[in-house]
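Listed here are the chains, written in short residue letters.
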Amino acid sequence: MIDAVVAIAGLEMQRGVGDSRFRMFIDRLEIEGGQPVLLVGENGSGKSSLLDVIGLVLRPKRMTQFVYHPRAGGDVDVAALFQREDDAALTNLRCSEIGYMPQTGGLVPFLSVRDNIALPSILCGRRDPGFIDQLCGALEITPMHLALRPQDLSIGQRQRVCLARAFAHRPRLLLADEPTASLDVVSAAVVSEMLLEAAPKYGITPVIATHDPRLVDKADLRRITLHAKAVGPSEVECHIAAAA
Ligand SMILES: Nc1ncnc2c1ncn2[C@@H]1O[C@H](COP(=O)(O)OP(=O)(O)OP(=O)(O)O)[C@@H](O)[C@H]1O
C-alpha cells in the first residue's frame, strides 16, 4: 500500500486572467512518503505552479479529491477546507506539514537570518535550536551570517538560508523550487545531498523542481515530467495524467 503524504485527483488550477491564461489539469497525483520526487520540464511548463498547488499557496478552481495525510495520522480533506474557505485550518496545515523553499525571496527583511530560520518552527510549536545549529553547520551559515538581515547576504547565501528555514520545523513535505539555481558547485552538491537524505534522515519527503543535471540525471529518483502546450494564441495548458 502506498503511504501517500498527499493525494490529488480531478484538479484544475488557473493562473492569469482574460485571454492570457495558464491552466493545469491533474487527473491523479500521489506523493509517496519517504521518496524524493523531481519535477522536471521546460521553462513555463508549470513546475512552480504545481509546487504552489501542493503547498496550498494557490487555490484550485475545482478538485474532486485533495487529501493530506499528516505525520500524526488522520486525513485532512483539503478540498473541503478550500470549499468552506477555512483559511485558519489551511494555514495550520501549511505551517505544520509543509516546508517551502521558493525560487526567489520569501525571507522577512526586518528579521535577522537566525529569526527567519527559526520562525516556522516557533509558529508551529516545534522550536529546536540544536537542530537549527546542525542545519546551519551543514549549510555553512555562519554565526556572522545569522546575526545579519537577509538583504545583507548574497543571493546564494539567501538560498541556503531559505533551505534551512524550510527544514527547521521538520515538515512532512519539503517543496524546493530550483534549490541549487544560484549556488556554486560545492554548495549545490551539499544542498542536493541534504535534500536527497531528508527522507531517510529526518522523515521529510522532498519535492524538487529543478533543471540541475546533478539531480535530473539521477536515474533512481521518481520524476514527474511536465509538458505545457499552447491551446490558443495566449492560452497554455499542462495536463498531468496519473503520477503515483
Ligand atoms: N503569478 C502569475 N500570474 C499569472 N501567470 C503566471 C504567474 N506565474 C506563472 N505564470 C504562468 O504560468 C505558467 C507556468 O509558470 P511556472 O512558473 O509554473 O513554470 P515553471 O515550469 O516553474 O517555469 P521555470 O522553469 O521557468 O521556473 C507560465 O505560462 C507563466 O507565464
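What this report covers is the structure whose coordinates are included nearby. For every chain, the first residue of the written sequence is number 1, and numbering continues from 1 along that sequence. Only residues with pLDDT of at least 70 are given local features in this predicted model, and only at 80 or more are side-chain atom pairs given and counted; all residues enter the totals for whole chains, interfaces and linings. Each side-chain value is derived from all of the structure's non-hydrogen atoms; neither hydrogens nor water enter the calculation.

**A short note on the site of the ligand**
1) Next: Near, as used in this document, describes a residue that has one of its heavy atoms within 4 Å of the molecule or strand being considered. Near the ligand lie 13 residues; those nearest to it are Asn-43, Gly-44, Lys-47, Ser-48 and Ser-49.
2) Next: In the analysis that follows, any N or O atom pair within 3.5 Å is treated as a polar contact, provided that within protein one partner can donate a hydrogen and the other can accept it, and provided that, for residues neighboring in sequence, both atoms belong to side chains. Contact between the ligand and Ser-45: an oxygen atom at 3.2 Å from a main-chain N or O atom of the residue.
3) Next: His-211 is positioned such that a nitrogen or oxygen atom in its side chain is 3.0 Å from an oxygen atom of the ligand.
4) Next: Only the protein chains shown count as covering a residue, and every accessible area follows the Shrake-Rupley method with a 1.4 Å probe. Protein burial of the ligand: of its 640 Å² of free accessible surface, 62% is covered by the chains.
5) Next: Helix numbering and strand numbering both begin at the N terminus, where a helix is a DSSP run of H or I of at least 4 residues and a strand a DSSP run of E of at least 2. Here the shell around the ligand gets three residues from one element, more than from any other, and that element is helix α1 (residues 47–54).
6) Next: Ten residue types, Ala, Val, Leu, Ile, Met, Phe, Trp, Tyr, Cys and Pro, are classed as nonpolar, four, Asp, Glu, Lys and Arg, as charged, and the remainder, Gly among them, as polar. Residues belonging to the shell around the ligand are distributed by class as follows: one nonpolar, nine polar and three charged.

**Focus on unusual backbone geometry**
1) Next: With a phi close to 60 degrees, Leu-56 is a non-glycine residue in the positive phi region.
2) Next: Classification of Leu-56 by relative accessible area gives buried; the value is 2%.
3) Next: Positive phi values are uncommon outside glycine, yet Glu-140 reaches one of about 55 degrees. Each residue gets one of three labels from its accessible area relative to the maximum for its type: buried under 20%, exposed over 50%, partly exposed in between, using a 1.4 Å probe on protein chains only.

**Considerations on the nonpolar core**
1) Next: Ranked by internal contacts, the top residues of the largest apolar core, which has 37 residues, are Ile-8, Leu-50, Ile-54, Leu-56, Phe-66, Tyr-68 and Leu-173.
2) Next: Leave out the neighbours within four places in its chain, and Leu-56 touches Phe-66, Tyr-68, Val-78, Phe-82, Leu-90, Leu-93, Arg-94 and Ile-98.
3) Next: To define a nonpolar core, start from buried Ala, Val, Leu, Ile, Met, Phe, Trp, Tyr and Cys residues and group those joined through side-chain atoms within 4.5 Å. Core analysis: the next-biggest nonpolar cluster, separate from the first, contains 36 residues, Leu-38, Ile-117, Leu-135 and Ala-168 among them. The contact definition used throughout considers only heavy atoms, calling two residues in contact when any of these lie within 4.5 Å.

**Here we look at the sheet that holds strand β8 (residues 205–209)**
1) Next: Whether two strands pair comes down to DSSP finding at least two bridges between them. Strand order in the open sheet formed by five strands is β6-β7-β8-β3-β9, with parallel pairing between adjacent strands. In the strand order of this sheet, the two ends are held by β6 (98–101) and β9 (222–225), each with one partner. If you compare each strand with its neighbour and ignore which way they point, the axes differ by 15 degrees on average.
2) Next: Those strands touched by helix α7 (residues 155–168) are β6 and β7 (173–177), and its axis lies near 175 degrees from that of β6. The angle between two axes is taken between their N-to-C directions and runs from 0 to 180 degrees, where each axis is a line fitted to C-alpha atoms and a helix contributes only its stretch in contact.

**With respect to the side chain of His-145**
1) Next: Among the structural elements, His-145 can be located in helix α6 (residues 143–147).
2) Next: A polar contact of 3.3 Å, which involves the side chain of His-145, links it to the side chain of Gln-157.
3) Next: Residue contacts for His-145: discarding those within four places in its chain leaves Val-113, Glu-140, Leu-153 and Gln-157.

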